Amino acid sequence: MRIDIVTIFPEFFDVLDLSLLGKARQSGLIELGVHNLRDHTHDRHHSVDDTPYGGGAGMVMKPEPWGDALDAILGDAVTVKNAGTHDDGPILLFPSPAGDQFNQAMARELSLEQHLVFGCGRYEGIDQRVVDHYESRSRVRLVSLGDYVLNGGEVAVMAMIEAIGRLIPGVVGNPESLVEESHEDGLLEYPSYTKPASWRGLDVPPVLLSGNHGAISAWRRQQQIERTERVRPDLLTPELQPPANAKASTSPRR
């Protein structure tokens, strides 16, 4: 997969050289380009923002540098077919509180793409004409991490790249570990334990030491349902609702 990022803080993404994503870059699974928006300005101050039309607080990112930067990245990769539909070229993603909610399903969908381009907005956002222009040329998505506001898009883009990148085949060493994670089946993940069996008065649930794989599987499923009901009840569908007489959790006391 090719990932391009446009930002005024390119150093922010040095962390992508670390851990699994760094190894994925070294092995060629992920190709990364980080582009400084200020390199596409044409004044001596390298200005990327200006006051908003209509008044109001804050500054708005100007369209000219964004257009030049995105044109340089997209080049001839963006084409338009008949009836306004686009080919399988890059997807242009802008973090925005006004966007679709980012979730595991979207991460998995985007992990199947060949080329993602992220635009990191700042201040009061990017001039709307940038989005409008590229919507006429390519696939554009506004994406939100949640119902809160960040200083800029860099943190959101980092989170999305982490979630998307680890789903690319070969990035995570054991693909089975991806299947049992939170949100993959609509539920939160069950609690995990390792050696020693007893630590500071807290014991590993006996079922995990039993060797009975059927009982372990059932226990883990019940833990998923109970944890989801407690922390994220909005995720529970009616068929996953625990029975009224369900036994108390067998997790160690906390």
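Higher on the page you've got the structure.
Criteria and thresholds
Residues numbered from 1 in each chain as written. Predicted model: local features only at pLDDT ≥ 70, side-chain atom pairs only at ≥ 80, totals over all residues. Heavy atoms only, no water. Helix = DSSP H or I, 4+ residues; strand = E, 2+ residues; numbered from the N terminus. Axes fitted to C-alpha atoms, helices over the stretch in contact; angles between N-to-C directions. Parallel < 35°, antiparallel > 145°, perpendicular 65-115°, else oblique. Left-handed = near helix turned anticlockwise from the far one by under 90°. Contact = heavy atoms within 4.5 Å. Nonpolar A, V, L, I, M, F, W, Y, C, P; charged D, E, K, R; others polar. Buried < 20%, exposed > 50% of the residue type's maximum accessible area, 1.4 Å probe, protein only. Arc of directions from axis to C-beta. Core = buried A, V, L, I, M, F, W, Y, C linked by side-chain atoms within 4.5 Å. Polar contact = N/O pair within 3.5 Å; in protein donor to acceptor, adjacent residues only side chain to side chain. Pairing = 2+ DSSP bridges. Right-handed = clockwise from strand over helix to strand, strands pointing away.

A. A look at unusual backbone geometry. In the segment running from Lys-195 into Pro-196, the intervening peptide bond is cis, with an omega of 5°. For Pro-196, the position within the fold is in the loop between helix H6 (176–179) and strand E8 (198–199). If you check the backbone angles, Arg-200 has positive phi at about 50° while not being a glycine.

B. Structural view of the packing of helix H2 (residues 63–74) against helix H4 (residues 128–135). For the pair H2 and H4, the least separation of the axes is 9 Å and the interaxial angle reads 30°. Compared by their axis directions, H2 and H4 come out roughly parallel. You can see that H2 and H4 cross each other, and the crossing is right-handed. Judged by residue contacts, Pro-63, Trp-66, Gly-67, Leu-70, Asp-71 and Leu-74 of H2 engage Arg-129, Val-130 and Tyr-134 from H4. Here the contact of H2 with H4 is composed, by residue class, of six nonpolar, one polar and two charged.

C. Representation of helix H1 (residues 19–27). Along H1, the positions that sit buried rather than exposed are Leu-21, Gly-22 and Ala-24. One side of H1 holds all its buried residues, which, seen down the axis, span an arc of 160°. The outward face of H1, more than 90 degrees from its buried face, is lined by the exposed residues Ser-19, Lys-23, Gln-26 and Ser-27. Packing partners of the buried residues in H1 comprise helix H5 (154–165). One or two positions beyond H1, positive phi appears at Gly-28, with a value near 90°.

D. Region of the structure containing the nonpolar core. Of all hydrophobic cores here, the largest spans 29 residues; its most connected members are Ile-5, Phe-102, Phe-118 and Ile-164. For this core, the secondary-structure elements that each account for two or more residues are strand E1 (2–7), H1, strand E5 (91–101), helix H3 (104–110), strand E6 (115–119) and H5. Counting residues per element, this core draws most heavily on H5, which supplies seven residues. Non-local contacts of Ile-5, meaning those with residues more than four positions away in its chain, are made with Phe-13, Leu-16, Leu-32, Gly-33, Val-34, His-35, Phe-118, Cys-120, Val-157 and Ile-161. Listed in part, the 18 residues of the second largest apolar core include Ile-73, Val-117, Ile-126 and Val-140.

E. Representation of the environment of His-46 within the structure. In this structure, His-46 sits in the loop between strand E2 (31–36) and strand E3 (49–50). Overall, the relative accessible area of 39% leaves His-46 in the partly exposed class. Excluding residues within four positions of it along the chain, His-46 makes contact with Arg-38 and Thr-41. One polar contact links His-46 to Thr-41, side chain to side chain, over a distance of 3.1 Å.

F. The arrangement of the pairing of E5 in detail. Note: E5 against E6, three bridges, orientation parallel. Residue Leu-92 lies in a different strand from E6, and its bridge partner there is Val-117. With respect to chirality, the unit in which E5 leads through H3 into the neighbouring parallel E6 is right-handed. Alignment of E5 against strand E7 (residues 139–144), held across seven bridges, turns out to be parallel.

G. Representation of the sheet that holds E2 in the model. Pairing within the open sheet is parallel, and its five strands lie in the order E2-E1-E6-E5-E7. The two strands at the open ends of the sheet, each matched to only one other strand, are E2 and E7. Between one strand axis and the next, the sheet turns through 30° on average, direction left out of account.

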